[in-house]
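Commentary on secondary and tertiary structure
Here is how the chains run, residue by residue.
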Amino acid sequence: MTEKKLLDSKPYETNGRVEILTDEIETLPIQSETANFKPKGKEKKLIGISLLVIILAITFGSLKFLQNQKISTKTTSENSLPNILSVQAIPVKLVNSYSVSQSYTGIVEAKRTSELGFEQSGLLQSIYIEEGEKVTKGQAIAQLDTSQTKAQRAVLTAQKERAIANLKELQRGPRIEVIAATRASLAQEQAKLQELQRGPRIEVIAATRASLAQEQAKLQELQTGPRIEVIAATRASLAQEQAKLQELQTGPRTEDIEAARSALLDLEEQVELAEIREKRREGLYEEGAISQEQLDEASTETDTLNARFERAQSELAKLQTGTRSEQIEAQKARVRQVQSQLDELIAGTRIEQIEVQKARVRQVQSQLDELIAGTRIEQIEAQRARVRQVQSQLDELIAGTRIEQIEAQKAEVKRFEAQISEIDVVLRKSIIYAPFSGTVSVRNLDEGVVVNAAQSVVRFVEGGDRKVRVGVPPSQASRLRIGSVEEVRVGEKTYSAKVLSILPEVDSTTRTQSVILALPQAVAPGTVVRLELNQIESAEGYWLPTSALIWGERGLLACFALVSPQKSDLDLPLGTYQTEKRMVEVLHTEGDRSLVRGVLQPGDLVVTTGTNQLAPGQFVKSEVRSQK
């Protein structure tokens, strides 16, 4: 009976301990019965084992019952709690400033770019470089036509040499021959002066009268027309010239050639005979039998015959060769000339010829009148001036060259040298040389074009490092330092650029200052680059992900902060928070985060995801993450 009551007892949980209460347990009787019961040894062992098994079974059953009871109680409690969402939250940190990144656009330039042209106009003769070809400093690129300039230089060189020769002559002094010629010229001028002072001579007046009569006769002959005898004589002359032309055209006759050959043979025999006679007389002269004069006569005779023989040979060769075409053409011209004269005689005298002859008669008449009237005072004075001039020249020659003349001639030489130097400068400037090493970017002209002064022939770009010119606001330019390294973006690549200079003036159009930066050679001129500059702004606030912001009342922004749950009868699990809406103001947005200020404190937890599913006062579970 006692064992049955133990099995039917119910366990209870009190203060976390399990106690098994038994109804109507009679402890003492059991103990007494147990004490009175005295089994044997083997039976005692079996009874002990049985009791131990019974106790273990009761203990296991009680524990199982308590576990099931606890699970049931927990399930009932959870079913009674509200729906709790899981969210992510970050603790906010207070910051005192933030960095604003600004991008400014610039164009890559070569360090030096030149539009190369000539200083003077001219014909473009040659271009030695093609587009894209690299050129070293001092290499020739293009050239103008300099033929005319070189000819001018040659003329100036000749004038300079003549001036140098005159200078040497002045330095050596006048020559005796020049002095003598000047004296003769002076005597001649003095004689003319005396003749003018004495007046015209009778013989001169008579000669002038005879010349006037002759000119008047010619005029009368022209007025009466050509005479019949003159026309007949001209016709005869024409016939004679035509006969000569016909003879030249037909060529030499056989009889003439034979006669010339016969005369040549005769002269050859005479020459041989003369040479024998000369040798014989040379022997006689050596013996003293004849005089030198007789020997000379023999030599002269031999030379004369040799000359006649050579002339006969030439005539024979001319006859055998025939008449040359030049002779025929010359004779034809002579025939045309005589024919023209005959035509003029037949046509009569022209009025122009009569007028010319009248003018000639008036000229001679005027000369005769002057001679009869005597020499005028003006002529005498002019001749005296001429005499004084020649006398002055003679005095200078006798006195020698003055220092002033030598200096003036030296100045003349220097003038020519200066002009030649100027021409040399023009010749040098007719060739374009590369001012620095680089590449021909554009070829604007081709050969054969007349180029104007300062007209661009090629565009020349320097090699090596590049530079970029970026316009930035003065407030940003004041923060930059010459020599500092800034980052610039070219497409997807980023380069480090060194600040070379900051121009002091502000552009009136863009209101920016130009900053010059150095770039590597890999960036081509004309490429667009962007200069990234960071600016620190002072402001207190908190960085939040943009996903944490929601729209609040009156179009303002807000966020959800997590606070500890208020007192509740609910048994909330550990890590449960309650949402609270906090109004914020956005100060700056950068990518996927925003700097805000509002009803926040450092360390507050702010929900970053799932804000569209939340409401103020809602219970949530939070996974707290650190803010980067």
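Everything quoted here is computed from the prediction, not taken from an experiment.

1. Some points on the environment of Gly471
One can find Gly471 in strand β13 (residues 466-472). We classify Gly471 as partly exposed; its relative accessible area is 27%. Through-space distance from the C-alpha of Gly471 to that of Asp507 is 8.6 Å; in sequence the pair is 36 residues apart. Beyond its immediate chain neighbours, meaning those up to four positions away, Gly471 contacts Tyr104, Thr105, Thr512 and Gln513.

2. Side note on unusual backbone geometry
One non-glycine residue, Ala454, lies in the positive phi region at around 70°. With respect to the secondary-structure elements, Ala454 resides in the loop between β11 (450-451) and β12 (456-462). Unlike most non-glycine residues, Arg511 shows phi in positive territory, near 55°. Examined against the element boundaries, Arg511 turns out to sit in the loop between β15 (493-506) and β16 (513-519).

3. Topic: the pattern of salt bridges
Under the defined criterion, the tally for this structure stands at 21 salt bridges. Arg443 serves as the salt-bridge partner of Glu130, at 3.1 Å between the closest nitrogen and oxygen. Of this pair, Glu130 sits in the loop between β6 (122-127) and β7 (134-135) while Arg443 is found in strand β10 (residues 438-443), placing the two residues 313 residues apart along the sequence. Looking at Arg443, the relative accessible area reads 17%, which means it is buried. In this structure, Arg360 and Glu215 form a salt bridge, with 3.6 Å as the shortest nitrogen-oxygen distance. You can see Arg360 sitting in helix α11 (residues 351-373) and its partner Glu215 sitting in helix α6 (residues 202-224), a full 145 residues away along the chain.

4. Side note on the sheet that holds strand β9 (residues 431-433)
In sheet architecture, strand pairing relies on hydrogen bonds along the backbone and comes in two forms, parallel and antiparallel. Spatially, β9-β8-β6-β11 is the arrangement adopted by the four strands of the open sheet, whose pairing is antiparallel. Single-partner strands in this sheet number two, and they are β9 and β11. Both strand β8 (residues 140-144) and β9 contribute to a ladder of three bridges, which runs antiparallel. Looking at the pairing, Gln143 lines up with Ile431 of β9.

5. Re a negative patch on the surface
There is a patch of like negative charges on the surface, built from Asp266, Glu268, Glu269, Glu272 and Glu275. Looking at the secondary structure, you find Glu269 in helix α8 (residues 254-287).

6. Looking at the environment of Lys192
If you trace the backbone, Lys192 turns up in helix α5 (residues 176-198). Assessed through its relative accessible area of 38%, Lys192 is described here as partly exposed. The spacing of Lys192 and Gln383 is 191 residues in sequence and 7.5 Å in space, taken between C-alpha atoms.

7. Thoughts on the nonpolar core
The tendency in soluble globular proteins is for nonpolar side chains to be buried side by side. Of all hydrophobic cores here, the largest spans 19 residues; its most connected members are Val470, Val472, Leu517, Leu519 and Leu531. With sequence-adjacent residues up to four places away left out, Leu519 is seen in contact with Val108, Asp465, Arg466, Lys467, Val468, Val488, Tyr495, Ala497 and Val529. Core analysis: the second largest hydrophobic core is formed by 18 residues, Ile129, Ala142, Ile432 and Phe436 among them.

8. Some words on the sheet that holds strand β5 (residues 113-117)
Here we have four strands laid out as an open sheet, ordered β5-β12-β10-β7, and antiparallel in their pairing. The outermost strands of the open sheet, each flanked by one partner alone, are β5 and β7. Pairing analysis gives five bridges linking β10 to β12, with the strands arranged antiparallel. Its bridge partner lying in β12, Thr439 is registered against Val461.

9. Re the packing of helix α4 (residues 147-172) against helix α13 (residues 403-429)
Contact pair α4 / α13: the axes reach a minimum separation of 9 Å and the direction vectors enclose 160°. By the angle between their axes, α4 is roughly antiparallel relative to α13. Here α4 runs over α13; the crossing is left-handed. Its residues assigned to classes, the contact of α4 with α13 comprises 12 nonpolar, nine polar and seven charged.

10. Here we look at the confidence of the model for the protein
Here the protein averages 81 in pLDDT, while 88% of its residues score no lower than 70. This model gives residues 1-39 a pLDDT under 50, and the stretch forms 28 contacts once residues within four places in sequence are excluded. Counting interchain partners and residues more than four positions distant, the pLDDT-below-50 stretch residues 73-79 has one contact.

11. What to know about helix α10 (residues 325-347)
Between the first and last C-alpha of α10 there are 33 Å, a value that for 23 residues agrees with the 33 Å anticipated at 1.5 Å per step. Where α10 is concerned, the buried positions are Ile328, Gln331, Val335, Val338 and Leu342. Where α10 is buried, its residues meet α7 (228-250). Phi turns positive one or two residues past the end of α10, at Gly348, with a value near 95°.

12. Here we look at the side chain of Gln476
Structurally, Gln476 can be placed in helix α14 (residues 474-477). Filtering out sequence-adjacent residues up to four positions away, Gln476 remains in contact with Gln102, Tyr104, Leu533 and Gln535.

13. A few points about the environment of Phe560
Here Phe560 shows up in strand β19 (residues 557-563). Between the C-alpha atom of Phe560 and that of Ala89, which follows or precedes it by 471 residues, the distance is 9.4 Å.

14. Things to note about a nonpolar patch on the surface
Residues Ile47, Leu51, Ile54 and Ile55 make up a contiguous nonpolar surface patch of about 330 Å² in total accessible area. Following the sequence through the fold, Ile55 ends up in helix α3 (residues 41-79).

15. Some remarks on the pairing of β15
Examined bridge by bridge, strand β14 (residues 485-490) and β15 share six bridges and lie antiparallel to one another. Opposite Val488, over in β15, you have Tyr495 as the bridge partner. Counted between consecutive antiparallel strands, the loop separating β14 from β15 contains two residues, among which Gly491 sits at a positive phi close to 65°. Note: β15 against β16, five bridges, orientation antiparallel. In the sheet register, Val499 faces β16, and the bridge partner there is Leu517. Connecting β15 to the antiparallel partner β16 that follows it, the hairpin turn spans six residues, and Arg511 within it adopts a positive phi of roughly 55°.

16. Quick word on the packing of aromatic side chains
Per the counting criterion, the structure on display carries one aromatic pair. Judged by centre distance (5.2 Å) and plane angle (35°), the ring pair of Phe436 and Phe460 falls under tilted. You can see Phe436 sitting in the loop between β9 and β10 and its partner Phe460 sitting in strand β12, a full 24 residues away along the chain. In this structure Phe436 comes out as buried when scored by relative accessible area, which is 5%. Sitting above the plane of the Phe416 ring, Arg415 keeps its charged end 4.6 Å from the centroid. If you follow Arg593 out to its NZ or CZ, it ends over the ring of Trp543, 3.7 Å from the centre.

Definitions and limits used
Residues numbered from 1 in each chain as written. Predicted model: local features only at pLDDT ≥ 70, side-chain atom pairs only at ≥ 80, totals over all residues. Heavy atoms only, no water. Helix = DSSP H or I, 4+ residues; strand = E, 2+ residues; numbered from the N terminus. Buried < 20%, exposed > 50% of the residue type's maximum accessible area, 1.4 Å probe, protein only. Contact = heavy atoms within 4.5 Å. Salt bridge = Lys/Arg side-chain N within 4 Å of Asp/Glu carboxyl O. Pairing = 2+ DSSP bridges. Patch = residues over 30% accessible without salt bridge, like charges linked within 9 Å, V, L, I, M, F, W, Y side chains within 5 Å. Areas by Shrake-Rupley, 256 points an atom, 1.4 Å probe, with all protein chains shown as cover. Lys, Arg positive; Asp, Glu negative; His and termini not counted. Charge placed at Lys NZ, Arg CZ, Asp CG, Glu CD. Core = buried A, V, L, I, M, F, W, Y, C linked by side-chain atoms within 4.5 Å. Axes fitted to C-alpha atoms, helices over the stretch in contact; angles between N-to-C directions. Parallel < 35°, antiparallel > 145°, perpendicular 65-115°, else oblique. Left-handed = near helix turned anticlockwise from the far one by under 90°. Nonpolar A, V, L, I, M, F, W, Y, C, P; charged D, E, K, R; others polar. pLDDT = per-residue confidence, 0-100. Expected span 1.5 Å × (residues − 1). Phe/Tyr/Trp six-rings, centres within 6.5 Å; stacked < 30°, edge-to-face > 60°. Lys NZ or Arg CZ within 6 Å of the ring centre and 35° of its normal.

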